[in-house]
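So you can see what is in the structure, the chains are spelled out below.
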Amino acid sequence: VQLQAFGGGLVQAGDSLRLSCTASGPTFSMYVVGWFRQAPGKEREFVAGITWGGGVTDYADSVKGRFTVSRDNAKNTVYLQMNSLKPEDTAVYYCAVNRRYLSRTPSDSNYWGQGTQVTVSS
């Protein structure tokens, strides 16, 4: 599975962005997909995740109510809609695939895409 995340950029606090994660492979729809982020000097952390059918989602407390994860399996794409962005959301955002289950632990993911930078100015 090859993943590619894009859609990042420089925005002001309170703005919105939508990240997209596209994947190759016919079995993408069978995988759990997670979004993670890593700020400079910090460990990579879980942001949101979605099961293969989209029926179960999970969010970090820091983004709950502001971010929404969704997927379109026909397009092999998972989205992360980010609203009410804050400066502390500044990080490189990654999407990752877990072949078995929804997990908040980065090391549980099997495949990673390259990151996309999100910068939120105050």
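Residues numbered from 1 in each chain as written. Predicted model: local features only at pLDDT ≥ 70, side-chain atom pairs only at ≥ 80, totals over all residues. Heavy atoms only, no water.

Let's shift gears to the packing of aromatic side chains. Applying the stated criterion to the full structure yields three aromatic pairs. Summarising the aromatic geometry, the rings of Phe36 and Phe46 are spaced 5.7 Å apart at their centres and angled 75° between planes, so their arrangement reads as edge-to-face. Of the two residues, Phe36 is situated in strand β4 (residues 32-38) and Phe46 in strand β5 (residues 45-50); the sequence distance between them amounts to ten residues. For Phe36, a relative accessible area of 1% gives the class buried. Plain terms: the ring middles of Phe36 and Trp112 are 5.0 Å apart, the flat faces sit at 55° to each other, and that makes the pair tilted. Separated by 76 residues along the polypeptide, Phe36 in strand β4 and Trp112 in strand β10 (residues 111-112) bring together distant segments of the chain. Over the face of the ring belonging to Tyr94 we find Arg44, whose NZ or CZ atom lies 3.8 Å from the ring centre. It is Arg44 that lies over the ring of Trp112; its NZ or CZ is 4.7 Å from the centre. (Phe/Tyr/Trp six-rings, centres within 6.5 Å; stacked < 30°, edge-to-face > 60°. Helix = DSSP H or I, 4+ residues; strand = E, 2+ residues; numbered from the N terminus. Buried < 20%, exposed > 50% of the residue type's maximum accessible area, 1.4 Å probe, protein only. Lys NZ or Arg CZ within 6 Å of the ring centre and 35° of its normal.)

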